[in-house]
Amino acid sequence: MTADIKRYRYGDPIDTDAVVMNIPVTVGDVPGWKVDTLNKCMSVIMSRDLVVYGLGETVRGINKRGWLYTSFNSDDPRHEEGKHSLYASQNFIILDDGKNCEGLFIDHPGTVHFDIGYSDIDVFTISFEDMDAYIYTISGNDPLTIVKNFRELIGTSYIPPRWAFGFGQSRWGYKNADDVRAVADGYEKLGIPLDMIYMDIDYMKDFKDFTVDPERFPDLPAFVSEMRKRGIRLIPIIDAGVKIEPGYDVYEEGVNNDYFCKKEDGERLVAAVWPGRVHFPDFLKPEVREWFGDKYRVLTDMGIEGFWNDMNEPAIFYTDEHLVEVFDELKELEKQELDIWGFFKLTELADSLANSPEDYRRFYHEIGDKRIRHDKVHNLYGFNMTRAAGEAFERNDPDKKYLLFSRASVIGAHRYGGVWTGDNSSWWSHLLLNIKQMPSLNMTGFLFSGADIGGFGADTTEDLMMRWIQFGIFTPLFRNHAALGTREQELYRFKRSEDFKHIIELRYALIPYIYSEFVSAVQNNGMYFKPLSFVYRDDPRCKTIEDQLIVGESIMIAPVYEQNSEGRYVYLPEEMKMIRFRSVDDRDEEIMSAGDHYIRVSFNEVLVFVRKDHKLPLGKPGMHVDELDFNDLKNITC
Ligand code: MIG
């Protein structure tokens, strides 16, 4: 296999641990690209037919042509198409003109710009702030072979426990055990299956990692087992920053052992995030990972079996230094008579406080005996936080699987956990974005992934939630999550709760298929979600279809993602059997010919298309994954 992968070296690359194979360095430049080390960039002319795939979690489409994407993990909750960066940086791309294709992996932990026909519609330029990188070329006859070869290079993706394929309910704002109980009650009362309830930052004492607020959760171990008896697992959040508070063990140990990131002058960086002033553990150091990873035991000892790692870009609300600068400038402004430009400056100044590029240049990491400025290895931070947890679980509990996923990510992190796509909004466009992000994430090794279903920010509507759930039942990570202050969106709150129940039951009946397809995609370095064009290579129509996906090997889905729509156009690359599900048992089947069809899809219906010569196994639903019978399956064939 290694014959299909070549490695090129530029400058003095930092070891990122993205790859698990040691490929010898080929002397010379990446073939086919014009490399300009002086200007720190490389470019290629794109033919008219060329499609560019990859980049994992970004805005816009499956075909990345026509935009500028920047790899720099960013806590930006407005995932609009004008943005260049989200929380993740997956620098793997596939160039495919239908006949020839090639994969490229840019192994670099700092800022990388992918200008894919933005500055010049025909030119693809990759540029660096520091051109210290290993660049891998991955060959293969088709995109799936390239993905397979690439994934061998980066190592096997994370597999969560089977129960993590159940449905999870989350909301920022469940304040205490009673709030969580009420959620369990709400689902139970209507008989809607549920496996997980997530605990957001409010469970902690003053937002301190590895603490539990004794007033809100007076006896967490007892509460964990109470919920387990009801078939529900609690999944707490862990944030990256450690609160500065004398007497708090995590803070004290971090200070005493020199585990926190420092500034140029050797003082520890002080940033403000949820707990107030915090220090950032230097996760790039193995001993810090070991220490922080072991801390998860505080919660696993109480019976907790899963976590989500947040704020690990790391997100910074402000630093002491930057706050002083901004206040100084504000005072200057106050002295002047405010004109319109002054007014704009005023609002910009306040906005400039969070996640400031200067702050990311203000602190350092220690890698071996080298001190490296944070911005140069920025994208490794979240990876190494998740790795800290993943490695600790394996070290301390090798026979057990934990659920683990992260907000920030980079290639390498896929071996330790999954990802969710962060703070989307309750917008129809973000349902479509979710559909498009999934196959891109899968290419880059992130198979256990999903979005906040129903949307995190803004107020959802019942119909948006319904259509989103109807797509979400196919995503491995299947979680309804919403922001503090937004409309409550637990499924039992809606009027058509019966319809929601039927769709969630359908998910549970599909779990035997979903789980086995997921695991086999991981084991074979394949993709659980594929664009149609990866499967139907000879059908040129498929490369333009981004709102239908192949799920596993057997089925195609065509979700509805527009408000008030009563159906949609679906393109069938070949004859398939369409199943129209209203519930697991209430369904119709119809053979559909290849070609374009307008298909009506009522509010309570999900369409599944079974591919020719494939079968879809369907089980019986249950209230929890542990209750499902994975052997009692009925095959629907085409
Ligand atoms: O600044 O913990 O993306 O899922 O609910 C917001 C509160 C912090 C961001 C996460 C979101 C979570 C929220 N967190």
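Here, the structure is the one placed above.
Just so you know, the residues in each chain are numbered from 1, in the order the chain's sequence is written. Local features in this predicted model are restricted to residues whose pLDDT is 70 or higher, and side-chain atom pairs enter the listing and the counts only when it is 80 or higher, whereas totals over whole chains, interfaces and linings include all residues. Remark: hydrogens and water are excluded; side-chain values derive from all non-hydrogen atoms of the structure.

> So what's going on with the overall build of the chain? Residues and values would help.
In DSSP terms, a helix is any run of H or I states spanning at least four residues, a strand is any run of E spanning at least two, and both are numbered starting from the N terminus. Counting its secondary structure elements, the chain contains 14 helices and 38 strands. Throughout, the radius of gyration refers to the C-alpha atoms, and the reference size of a globule is 2.2 Å times the residue count to the power 0.38. For the chain, the C-alpha radius of gyration of 24 Å lies close to 26 Å, the compact-globule estimate for 638 residues. Each of the three principal axes of the chain carries a C-alpha extent, and together these read 70 × 65 × 60 Å. Note on classification: 1.4 Å probe, protein chains only; a residue is buried when its accessible area is under 20% of the maximum for its type, exposed when over 50%, partly exposed between these limits. Per-residue burial over the chain gives 63% buried out of 638 residues. As presented, the chain carries roughly 24000 Å² of accessible surface, and 47% of it is formed by carbon and sulfur atoms. Taking the average location of the 74 positive side-chain charges in the chain and that of its 106 negative ones, the two points are 3 Å from each other. Computed with a 1.4 Å probe, the accessible areas rest on the Shrake-Rupley method; for each residue, only the protein chains presented here act as cover. Under the counting rule used here, the positive set is Lys and Arg, the negative set is Asp and Glu, and His together with the chain ends is not counted. All charge positions are set by atom: Lys at NZ, Arg at CZ, Asp at CG, Glu at CD.

> Describe the pattern of salt bridges, and please don't skip the residues or the numbers.
Every case where a carboxyl oxygen of Asp or Glu lies within 4 Å of a side-chain nitrogen of Lys or Arg is listed as a salt bridge. For the structure shown, the criterion picks out 56 salt bridges. In this structure, Lys 345 engages Glu 329 in a salt bridge whose closest nitrogen and oxygen atoms are separated by 3.4 Å. Taken as a pair, Lys 345 in helix 8 (residues 340–351) and Glu 329 in helix 7 (residues 320–335) lie far apart in primary sequence, 16 residues in all. Accessibility expressed as a relative area gives 35% for Glu 329, which makes it partly exposed. In this structure, Glu 490 and Arg 493 form a salt bridge, with 2.4 Å as the shortest nitrogen-oxygen distance. Looking at Arg 493, the relative accessible area reads 40%, which means it is partly exposed. One salt-bridge network, held together by shared partners, links Asp 75, Asp 310, Glu 313, Arg 407 and Asp 423.

> Before we move on, could you go through the side chain of Gln 489 and cite the residues and values that matter?
Mapped onto the elements of the fold, Gln 489 is located in the loop between strand 28 (478–480) and helix 13 (497–523). Gln 489 sits in the buried class, given a relative accessible area of 1%. Each polar contact in these results corresponds to two N or O atoms within 3.5 Å; when the atoms are within protein, one needs to be able to donate a hydrogen and the other to accept it, and residues that are neighboring in sequence are counted only if both atoms are side-chain atoms. A distance of 3.1 Å separates a polar side-chain atom of Gln 489 from the backbone oxygen of Gly 455. Discounting chain neighbours no more than four positions away, the residues touching Gln 489 are Arg 171, Ser 426, Ile 453, Gly 454, Gly 455, Thr 460, Met 465, Asn 480, His 481, Ala 482 and Phe 494. Contacts are residue-level and defined by heavy atoms, with any inter-residue pair within 4.5 Å sufficient.

> I'd like a rundown of the environment of Asp 626, residues and numbers included.
Locating Asp 626 in the fold gives a position in the loop between strand 37 (615–618) and strand 38 (634–637). Between the C-alpha atom of Asp 626 and that of Leu 234, which follows or precedes it by 392 residues, the distance is 15 Å. Discounting chain neighbours no more than four positions away, the residues touching Asp 626 are Trp 163, Arg 228 and Arg 233. A distance of 3.4 Å separates a polar atom in the side chain of Asp 626 from a polar atom in the side chain of Arg 233.

> Talk me through a nonpolar patch on the surface; I want residue IDs and the actual numbers.
A cluster of nonpolar residues, Leu 338, Ile 340, Trp 341, Phe 343, Phe 344 and Leu 346, forms a patch on the protein surface that exposes about 630 Å² of accessible area. The topology assignment puts Leu 346 in helix 8. Patch rule: a residue counts if its relative accessible area is over 30% and it has no salt bridge; like charges are joined within 9 Å, and nonpolar side chains (Val, Leu, Ile, Met, Phe, Trp, Tyr) within 5 Å.

> Tell me about the pairing of strand 10 (residues 123–128), residues and numbers included.
Side-chain positions along a regular strand alternate between the two faces of the sheet. Extensive coverage of strand 10 is indicated by the burial of five of its six residues. The rule for pairing is simple: two strands pair if DSSP sees at least two bridges between them. Pairing analysis gives five bridges linking strand 3 (residues 41–45) to strand 10, with the strands arranged antiparallel. Paired with Val 44 across the bridge in strand 10 is Phe 124. Linkage of strand 9 (residues 112–116) to strand 10, two consecutive antiparallel strands, is achieved through a turn of six residues, within which Gly 117 is found at a positive phi near 75°.

> I'd love a proper account of the site of the ligand, names of residues and values included.
In these notes, residues near a molecule or strand are those with any non-hydrogen atom within 4 Å of it. Near the ligand there are 13 residues, and of these Asp 200, Trp 274, Asp 310, Asp 423 and His 481 occur at the shortest range. Between the ligand and Asp 423, the relevant distance is 2.4 Å, taken from an oxygen atom to a side-chain nitrogen or oxygen of the residue. Take His 481: an N or O atom from its side chain is 2.9 Å from an oxygen atom of the ligand. A total of 360 Å² of accessible area belongs to the ligand in isolation, and the protein chains cover 95% of it. Three classes are used, and their members are as follows: Ala, Val, Leu, Ile, Met, Phe, Trp, Tyr, Cys and Pro are nonpolar, Asp, Glu, Lys and Arg are charged, and the others, Gly among them, are polar. Of the residues assigned to the shell around the ligand, the class counts are eight nonpolar, one polar and four charged.

> Describe the sheet that holds strand 13 (residues 196–199), with residues and values.
Strand order in the open sheet formed by nine strands is 26-25-23-19-14-13-12-28-27, with parallel pairing between adjacent strands. The strands lining the two open edges of the sheet, one partner per strand, are strand 26 (449–450) and strand 27 (452–453). Bridging between strand 23 (residues 403–406) and strand 25 (residues 418–420) involves two bridges; their strand directions are parallel. The residue of strand 25 that forms the bridge with Ser 406 is Val 419.

Limitation: the analysis is restricted to geometry and does not speak to function.
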